[in-house]
Amino acid sequence: MHLSMWSYLWDLEDLGFDFALRELRETAGLNTISPATSYHAGRFLQPRSPVRKAYFPEDGTIYFRPDRKYWQDVAIAPQVASIAERRDLMRELVNQRDAGGMAVSCWTVCLHNTRIGMAYPQATTRNAFGDPNYYSLCPSHPDARAYVRALVADLSNNYRPDAIELESPCFMGFAHEYHHEKDGVGLQAEDDFLLSLCFCPSCLARSRAAGVDGERAQATVRRWIAEACEREVPAPRWPDFPAAGLDVFKPYGEVYDYLMWRFEPVTSLVAELREATAPQTKVYLIDLKDGWIGGCDLAAIGKVCDGAILCAYGMTPEATEALMRHGRAVLGPDKYLGTGFRVFYPEMADAEQLALRSRAAIAGGATGINYYNYGLIPQKRLEWVGGAVASLPRG
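Overview of the structure. For clarity, every value in this text was computed on a predicted model and none was experimentally measured.

Thoughts on the packing of aromatic side chains
Okay, step 1: Enumeration according to the criterion identifies 29 aromatic pairs in this entry.
Okay, step 2: With 5.1 Å between their ring centres and 65 degrees between their planes, Y8 and Y39 make a pair best called edge-to-face. You can see Y8 sitting in the loop between β1 (2-7) and α1 (9-15) and its partner Y39 sitting in strand β2 (residues 32-39), a full 31 residues away along the chain. Grouping residues by exposure puts Y8 and Y39 together as buried.
Okay, step 3: Measuring from ring centre to ring centre gives 6.2 Å for F341 and Y371, while their planes differ by 35 degrees; the resulting arrangement is tilted. Taken together, the residues span a long stretch of sequence, with F341 in strand β12 (residues 336-342) and Y371 in strand β13 (residues 368-372) at a distance of 30 residues.
Okay, step 4: Residue F341 is classed as buried on the basis of its relative accessible area, which comes to 1%.
Okay, step 5: Judged by its relative accessible area of 0%, Y371 is buried.
Okay, step 6: An aromatic cluster is present here, built from W6, Y8, W10, Y39, F44, Y55, Y63, W107, F344 and Y372 joined pairwise through their rings.
Okay, step 7: The cationic tip of R48 hangs over the ring face of Y374; the distance from NZ or CZ to the ring centre is 4.6 Å.
Okay, step 8: It is R381 that lies over the ring of W384; its NZ or CZ is 5.6 Å from the centre.

Structure below.
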């Protein structure tokens, strides 16, 4: 069983490499570490670091040392984080794995990258009005696709991890905790979705080649967004969205056709990433319950990679088990299915809740669990993880 914890390399350096792995293995009872190997900006409280209590990672950087032969014909250049320049912790992780230590499953952020978006705005998603979302590279844009292909090819061939976990190989939402986001309108869930739809030149060209009229869909979506911005108070156009999924758009043929096409660039990108990755390294999608919002078709993606990690953030044990049963039914019996839990309070109230949800995931058909996040939680909550892992059925 794959039992891992998403971790940042700066936490391994601050707390001590050997100490951190020993905690993950002995206190948390895990057999795998999922280090962030490509990551975005943020501000992180560091409860256990002896060095700092707040950390601001460099935006849009990679945490391994690239081999330039994989990047020769790629328009977008990677930027190496300073911690990786001074110490190759990724190499140390795979070396300890090869010596009989923990497996290494690389947590890899794909298209969420503000640094690249600012430097290469032509590769970003654009809403129906043509405004760029700098934090979100577009899965239809050839340069963005080439960047992520080179990323996984370099990482998998140069370091030989056991797996690569793909975060955000898809379209991102409009609301995504960008710096000081402001919304005086009171956007509804449908409005956020409509603003997240990409109508960049690459999407329009790719949909046109598939026989879909993206320009007509763009005009309708633009009108809907304008009407939402003119309301005196917020009011949903479709009260059953997102529960009803894309069916609410069926009466609007041009939009529905575009939304059904929108799965294609994501699925084909994941297929290209599996092909670019070294054969011995597994490739998993990280996703949420309503992955269709970002253009993820779990059934289609499951056919082109090795499985998925469906995060059960904020879910009850019953909902967690149901999500895993759905994931298993969609993926079939032979693909990897994992889940993810945040060990954050009050979302995870106590050790018993974590154990209940962990057992529910396995009962629903999961064959692995990732816990979030090593450096962001107090040491005592590692004991929660250890208790949850110890309570799982074996065999």
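Past the structure itself, the notes keep going.
Quick look at the packing of helix α10 (residues 253-261) against helix α11 (residues 263-276)
The axes of two packed helices give the description: the angle between them and the distance between them.
Okay, step 1: The N-to-C vectors of α10 and α11 enclose an angle of 5 degrees; their axes lie 5 Å apart at closest approach. Viewed along their axes, α10 and α11 adopt a mutual orientation that is roughly parallel. Across the interface between the two elements, L259, M260 and W261 from α10 touch F263, E264 and P265 from α11.
Okay, step 2: Tallied by class, the residues present in the contact of α10 with α11 amount to five nonpolar, no polar and one charged.

Some details on the pattern of salt bridges
Two side chains that carry opposite charge are able to pair once their charged atoms sit near each other.
Okay, step 1: Evaluation of the coordinates by the stated rule reveals 20 salt bridges.
Okay, step 2: One salt bridge in this structure joins E215 and R208, with 2.7 Å as the shortest N-O distance.
Okay, step 3: Connected via shared salt-bridge partners are R97, D98 and D162.

About the thresholds
Residues numbered from 1 in each chain as written. Predicted model: local features only at pLDDT ≥ 70, side-chain atom pairs only at ≥ 80, totals over all residues. Heavy atoms only, no water. Phe/Tyr/Trp six-rings, centres within 6.5 Å; stacked < 30°, edge-to-face > 60°. Helix = DSSP H or I, 4+ residues; strand = E, 2+ residues; numbered from the N terminus. Buried < 20%, exposed > 50% of the residue type's maximum accessible area, 1.4 Å probe, protein only. Lys NZ or Arg CZ within 6 Å of the ring centre and 35° of its normal. Axes fitted to C-alpha atoms, helices over the stretch in contact; angles between N-to-C directions. Parallel < 35°, antiparallel > 145°, perpendicular 65-115°, else oblique. Contact = heavy atoms within 4.5 Å. Nonpolar A, V, L, I, M, F, W, Y, C, P; charged D, E, K, R; others polar. Salt bridge = Lys/Arg side-chain N within 4 Å of Asp/Glu carboxyl O.

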